[in-house]
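If you want the building blocks of each chain, they are given just below.
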Amino acid sequence: MFAYSPDQLLASKSILDWSGNVAPTHKPFDAWIQERGLHFDPFAYLNAVEDPRLEQYFVEHDLFARMWGPASALVFAPPGGGKSALRCQITRSCWIGNETNRPFPIPYLPPYLAWGHVNPSLEDHTSALVLSGAKALLVVLAYRPHWFLRLSLEKRDAVARLLADILPWPLAEYVQVVREAISPVPLRDLLGLEPAFALPDEPRAELLRAWCDAWPRVEDAQSLHPTEQWQRLLQVLLNVFRFEGAYVLLDGLDAAPETGGLDESSAETIAHILKPLLDISVLWEEQGIYLKGFLPLEAYPTILAGYPDLASRMTVCSMHWTPSALIRLIQRRLYVASEGAFDSLAAMAAPGLQDIEQQLAEHLEKEALLLPREMLVLTRAVIETHVARAYTVPYVEQEDVEATLAWYRTARPDIKVPLI
Amino acid sequence: MDAKGLGPLVFETMRAEDEVEWLEQCFVPPEDFARILAPRSTIIFGPAGSGKTAMYHIVQRYHGRSAQGSFPDILMVDWPMFSAFDTEISAGIIESKRLTEELFFHVALALLAYIVSYPDFFVSAAAWIQKRVAWFIQKYFQEDVEVSLGPVWAEASPKGQATVNALLSMSIGDGGKKSVSLEDTFATLTSALSAGGIKSIWVLWDGLPDTASNVDLLIGGLRAFLSTLSLFEKNPVLVYKLWLPETYQKVLSSVASISRRRAEEVKLHWSPDSLRIMVEKRLEVALGKPTMLEQLCAAPGFLAWFQHVGGCSPRNWIDQLYPLVKHYWQTGQAADEATWKRLIRDHPPRLFVDEVNKQVWVGGRQVNLDDLPPRIFDLLVYLYQHPNQVVSKAELYYLAYLKGQRVPRPGDEGYAPPKDYDGLIDTSLWRLRKAIEPFPEEPVLLTTIRGHGVQLHVRW
């Protein structure tokens, strides 16, 4: 806990001195790390998809190679196990190069609230996927206007008609957002895509303006069956833009048990959601569409029980972390946050205290919680503990590490990480 | 007393909602205030009297204020969610959906209050932003805006009122005619707000009682509510700040949103230094001049007693100071020892007995009941159930100690002469005083009325 000094308390004359928009001196954690040379807090985001800098400090995981490629694949991991970060990494890899000779990523987070239940049919999934795909396509085209601009008028028309039929607002209004902002970013936010869904390099302003002007007017949007819309979307992706294929990046199933109700186990809920997609995955593969599922570990036994031959027809793996990988995760973030000045907590630690990351990782190993999120939590907690205890001391000390580990023993999350 | 001060009122109201006038000047942050203000969902736990509601008002009114002339970049949404938990809550997506729609209504209302207060936010926004904001508000708010906004509307500028009226009657064209999911609705709104300068939406919630008979119902409702966090996870704009009684902390720690770190737990705690400075700032407001605690009372042991009784509770520090402030205000002088003791007798520390959880609080201090046998706790419970009444030793013996139905008369079955139980009751009362009285040798809570019995002084 951080307690303000009597001098600070007495000096304050107004509550506005303490409100969140004031100088870092009243945000002790931020002030302390800034004084140590970190230009931002690299441990602020515990949720990978919210982190706008994620791509700067990605840590390559062995599973990337297994999840990438023309095959359906499922990866299982507990909460905070790096699933979403891996998904973001795969998405980013689809944008390497400036052409469409890569797969098209469709981020798919099942819309439970929209459905009002957690037992979707294939049609429910298809309808939601169509919308996800259309949103992703429009945003991608805003980042890569030349892909649209080089199409013939007829093909532009087909693309415009597809998007107009699917998107909830008139297409012209989405284009107007880009026109006014001269950037694809507000469009991405408007369509509800996460901050991590961003292509490298925004286009030049004049190119974006030309793109905005190039969209044909579409009157009378049609309401078609989801299956038909899905086929139209695939046709546009694979035949018009000539993407190598499409990845359906399924995530967000962690949320399902929380919202689905308490009458059945979370694993069963997840299995129900997944079933229509697993059933259709073989047909999809024939069309060049690959399911990439990022799934909660708790669902693994139930899903396997329902599909004993699953591993024979798609890649199935679980995500594990070693202590050295978690240490690398922290070091990478420190390197980026310090703009290359240092890459270890030793730079912020007392002389002789060189192994903070090692101590934390080993503790997580003992607690059977070798998870990236927990490593971030612990690392941040060490600094917070030090700031609360001895703000004016410019380095973390061993007692801060020990106090943090003692706290963690009572505050560890209620997560089970069984071995597979 | 100097007419510049506001007087003892500053120490009397005890309700954060009534302290608007001086809250800003008296504010002292608790420990970990920066974590409470951090841009992530936080559940702030605190016992009764720890300042939860004051913190709630502080955050609601003051956080996110920008420089003069501009508008706040945080939209504060006050959600009286407790009213939603008065019927059985069924867990699941239907409940999450209902709660989300209710939340959207309150977001729309908060947005209207914001726009009427800061019309330039809307007026200067790009056309697409105006359209999206108007669409959201028209979809989720169909009440009378003047009635709903009340004093906020009445105090708004003509420009603010005109802007809101225009927004409510704005034509949104073809937009929104297709069905838009709740997730997409929220993304639409937050992207528009973000582009317009509102960077996040904070949903604030306070008001859950520290003890409630329908605890299971409330826990069920909270679980359903906290589950909605996961549905907006990809949208970091939405932040929940919940102030909850400490008694719920254990039960909620297993909720997925907490165990999966979608929400952070913070315990509301004040250091002795910060509490002292807080009350001295209040003294300055009350008396019109900087005043230290020692100037209120000349009695030796006053500060030690005060810190002992006040504990870590801002409410109890303020409550216990009230009679001294009133005395000082009226006489201009520090109270001597005799006066101070009289004031304590007339205004003893607040006593709170939680029979269910077997907790006892005296002022801001939780009493250690380890050395109190269950039967003596039963005596306390009986006296607490008969507050401020004179209770005879016979009543205590037969009804509280033996848990009988009535006090027998001589000759009745079960009757025992007073000499058989006087010693037992006297010893029990001695142990009880030792446990609960700030100074057992000079009781103020459990007093003897010679010849009649004892009286437990309870102030609500």
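Residues numbered from 1 in each chain as written. Chains lettered and ligands numbered in written order. Predicted model: local features only at pLDDT ≥ 70, side-chain atom pairs only at ≥ 80, totals over all residues. Heavy atoms only, no water.

## As for the overall build of chain B
In step 1: Per the secondary structure count, chain B includes 20 helices and 11 strands.
In step 2: Within chain B, the fraction of its 460 residues that count as buried is 55%.
In step 3: By sequence separation, contacts in chain B at least 24 residues apart represent 74% of the contacts at least 6 residues apart.
In step 4: Counting every atom, chain B has about 19400 Å² of accessible surface; 51% of that belongs to carbon and sulfur. (Helix = DSSP H or I, 4+ residues; strand = E, 2+ residues; numbered from the N terminus. Buried < 20%, exposed > 50% of the residue type's maximum accessible area, 1.4 Å probe, protein only. Contact = heavy atoms within 4.5 Å. Areas by Shrake-Rupley, 256 points an atom, 1.4 Å probe, with all protein chains shown as cover.)

## Examining the overall build of chain A
In step 1: Tallying secondary structure elements over chain A gives 20 helices and five strands in all.
In step 2: Within chain A, buried positions represent 59% of all 420 residues.
In step 3: Here the analysis covers contacts within chain A between residues at least 6 apart in sequence; of these, 77% occur between residues at least 24 apart.
In step 4: Here chain A has roughly 16600 Å² of accessible surface; of this, 51% comes from carbon and sulfur atoms.

## Observations concerning the pairing of strand S3 (residues 200-205) of chain B
Successive side chains on a regular strand alternate, one facing one side of the sheet and the next facing the other.
All names here are of chain B.
In step 1: Among the six residues that make up S3, six are buried, leaving the element largely enclosed by the rest of the structure.
In step 2: Relative to S3, strand S2 (residues 74-78) runs parallel, the two being bridged by five bridges. Bridge pairing in S3 places Met-76 opposite Trp-202.
In step 3: Two elements, S3 and strand S4 (residues 238-245), share five bridges in a ladder whose sense is parallel. Among the inter-strand pairings, Trp-205 is bridged to a residue of S4, identified as Leu-242. (Pairing = 2+ DSSP bridges.)

## As for unusual backbone geometry
In step 1: If you check the backbone angles, Arg-242 of chain A has positive phi at about 65° while not being a glycine.
In step 2: Here Arg-242 of chain A is to be found in the loop between helix H12 (226-240) and strand S3 (245-250).

## A few points about the sheet that holds S3 of chain A
All names here are of chain A.
In step 1: Spatial ordering of the open sheet is given by S2-S3-S4-S1-S5, a layout of five strands whose pairing is parallel. Lying at the two open borders of the sheet, with one neighbouring strand each, are strand S2 (103-108) and strand S5 (315-318). For this sheet, the mean inter-axis angle between neighbouring strands, taken without regard to orientation, is 15°.
In step 2: With five bridges joining them, S3 and strand S4 (residues 289-296) adopt parallel strand pairing. Paired with Ala-246 across the two strands is Ile-289, which belongs to S4. (Axes fitted to C-alpha atoms, helices over the stretch in contact; angles between N-to-C directions.)

## Some words on the nonpolar core
In step 1: If you look at the biggest cluster of nonpolar residues, it comprises 204 residues, and the most contacted ones within it are Trp-215 of chain A together with Ile-201 of chain B.
In step 2: Those residues in contact with Trp-215 of chain A that sit more than four places away from it in its chain are Leu-138, Leu-141, Phe-148, Val-159, Ala-160, Leu-163, Leu-171 and Val-175 of chain A.
In step 3: Ranked by size, the runner-up nonpolar core spans 87 residues in total, among them Tyr-56, Ala-286, Tyr-382 and Leu-456 of chain B. (Core = buried A, V, L, I, M, F, W, Y, C linked by side-chain atoms within 4.5 Å.)

## Considerations on the confidence of the model for chain B
Residues and elements named next belong to chain B.
In step 1: The share of residues in chain B with pLDDT of 70 or more is 88%, and the mean pLDDT across the chain is 84.
In step 2: Element-level pLDDT for chain B is lowest in helix H13 (residues 256-259), with a mean of 64, against a maximum mean of 96 in helix H9 (residues 158-168).
In step 3: For this predicted complex, the interface score ipTM comes out at 0.83, alongside a pTM of 0.84. (pLDDT = per-residue confidence, 0-100.)

## Topic: the packing of aromatic side chains
Residues and elements named next belong to chain A.
In step 1: Per the counting criterion, the structure on display carries 32 aromatic pairs over all chains.
In step 2: An aromatic cluster is built from Trp-95, Phe-104, Trp-147, Phe-241 and Phe-243, whose rings are joined through pairwise contacts.
In step 3: Sitting over the face of the ring of Phe-29, Arg-380 holds its NZ or CZ atom 3.9 Å from the ring centroid. (Phe/Tyr/Trp six-rings, centres within 6.5 Å; stacked < 30°, edge-to-face > 60°. Lys NZ or Arg CZ within 6 Å of the ring centre and 35° of its normal.)

## Notes on the confidence of the model for chain A
In step 1: Predicted confidence across chain A gives a mean pLDDT of 87, with 90% of residues reaching 70 or more.
In step 2: Counting interchain partners and residues more than four positions distant, the pLDDT-below-50 stretch residues 20-25 of chain A has 15 contacts.

## Focus: the side chain of Glu-194 of chain A
In step 1: Among the structural elements, Glu-194 of chain A can be located in the loop between helix H10 (185-190) and helix H11 (205-214).
In step 2: Looking at Glu-194 of chain A, its side chain comes within polar contact range of the side chain of Arg-87 of chain A, at 2.6 Å. (Polar contact = N/O pair within 3.5 Å; in protein donor to acceptor, adjacent residues only side chain to side chain.)

## Side note on the environment of His-125 of chain A
All names here are of chain A.
In step 1: Residue position: His-125 is located in helix H6 (residues 122-143).
In step 2: Taking the C-alpha atoms as reference, His-125 lies 47 Å from Val-401; in sequence the two are 276 residues apart.
In step 3: Those residues within four positions of His-125 in sequence are excluded, and the remaining contacts are Tyr-108, Trp-115, Pro-120, Ile-273, Pro-276 and Leu-277.

## A few points about the sheet that holds strand S6 (residues 351-354) of chain B
Residues and elements named next belong to chain B.
In step 1: Taken together, three strands build an open sheet; the order of strands is S6-S7-S8 and the sheet is antiparallel. If you trace the sheet from one side to the other, it starts and ends with S6 and strand S8 (365-366), each paired once.
In step 2: Most of the contacts of helix H18 (residues 374-385) go to S6, to which it runs at about 115°, and overall it touches S6 and strand S7 (359-362).

## Section: the side chain of Glu-357 of chain A
In step 1: On the secondary structure map, Glu-357 of chain A appears in helix H18 (residues 356-366).
In step 2: Comment: no salt bridge for buried Glu-357 of chain A; closest opposite-charge side chain is Arg-333 of chain A, at 12 Å. (Lys, Arg positive; Asp, Glu negative; His and termini not counted. Salt bridge = Lys/Arg side-chain N within 4 Å of Asp/Glu carboxyl O.)

## Things to note about the packing of helix H14 (residues 272-287) of chain B against helix H16 (residues 314-331) of chain B
All names here are of chain B.
In step 1: Orientation of H14 relative to H16, taken along the N-to-C sense of each, is 35°, at an axis distance of 11 Å. Of the two elements, H14 crosses H16, and the hand of that crossing is right-handed. Mapping the contact onto sequence places Pro-272, Leu-275, Arg-276, Met-278, Val-279, Arg-282, Leu-283, Ala-286 and Leu-287 in H14 and Pro-314, Trp-317, Ile-318, Leu-321, Val-325, Tyr-328 and Trp-329 in H16.
In step 2: Each residue belonging to the contact of H14 with H16 can be placed in one class, and the counts come to 14 nonpolar, no polar and two charged. (Left-handed = near helix turned anticlockwise from the far one by under 90°. Nonpolar A, V, L, I, M, F, W, Y, C, P; charged D, E, K, R; others polar.)

## A look at the pattern of salt bridges
In step 1: Counting across every chain of the model gives 34 salt bridges over all chains.
In step 2: When the shortest N-O distance is used, the salt bridge between Arg-313 of chain A and Asp-309 of chain A registers 3.8 Å.
In step 3: Take Asp-309 of chain A: its relative accessible area is 41%, and that puts it in the partly exposed class.
In step 4: The salt bridge partner of Arg-406 of chain B is Asp-412 of chain B, with a shortest N-O separation of 3.2 Å.
In step 5: One salt-bridge network, held together by shared partners, links Arg-389, Glu-397, Glu-399 and Asp-400 of chain A.

## Things to note about H18 of chain B
In step 1: Between the first and last C-alpha of H18 of chain B there are 16 Å, a value that for 12 residues agrees with the 16 Å anticipated at 1.5 Å per step.
In step 2: Taken together, the buried positions of H18 of chain B are Ile-376, Phe-377, Leu-379, Leu-380, Val-381, Tyr-382, Leu-383 and Tyr-384 of chain B. (Expected span 1.5 Å × (residues − 1).)

## Re the packing of helix H15 (residues 302-310) of chain B against H16 of chain B
Residue and element names in this part refer to chain B.
In step 1: In the contact formed by H15 and H16, the axes pass within 8 Å of each other and the chain directions differ by 140°. As summarised for this structure, H15 and H16 are arranged oblique, according to the angle between their axes. You can see that H15 and H16 cross each other, and the crossing is right-handed. For the pair H15 and H16, the contacting residues are Phe-302, Trp-305, Phe-306, Gln-307, Val-309 and Gly-310 in the first and Asn-316, Trp-317, Gln-320, Leu-321 and Leu-324 in the second.
In step 2: The residue inventory of the contact of H15 with H16, partitioned by class, reads seven nonpolar, four polar and no charged. (Parallel < 35°, antiparallel > 145°, perpendicular 65-115°, else oblique.)

## A few points about the pairing of S4 of chain B
Residue and element names in this part refer to chain B.
In step 1: The buried fraction of S4 is high, at eight of eight residues.
In step 2: Burial along S4 is two-sided: the face carrying Leu-238, Tyr-240, Leu-242 and Leu-244 and the face carrying Val-239, Lys-241, Trp-243 and Pro-245 are both buried.
In step 3: Two elements, strand S1 (residues 42-46) and S4, share five bridges in a ladder whose sense is parallel. For Thr-42, the partnering residue across the bridge sits in S4 and is Lys-241.

## A look at the environment of Tyr-384 of chain B
In step 1: Tracing the chain through its elements places Tyr-384 of chain B in helix H18.
In step 2: With residues up to four places along the chain from it excluded, the contact list for Tyr-384 of chain B reads Leu-351, Phe-352, Val-353, Leu-456, Val-458 and Trp-460 of chain B.

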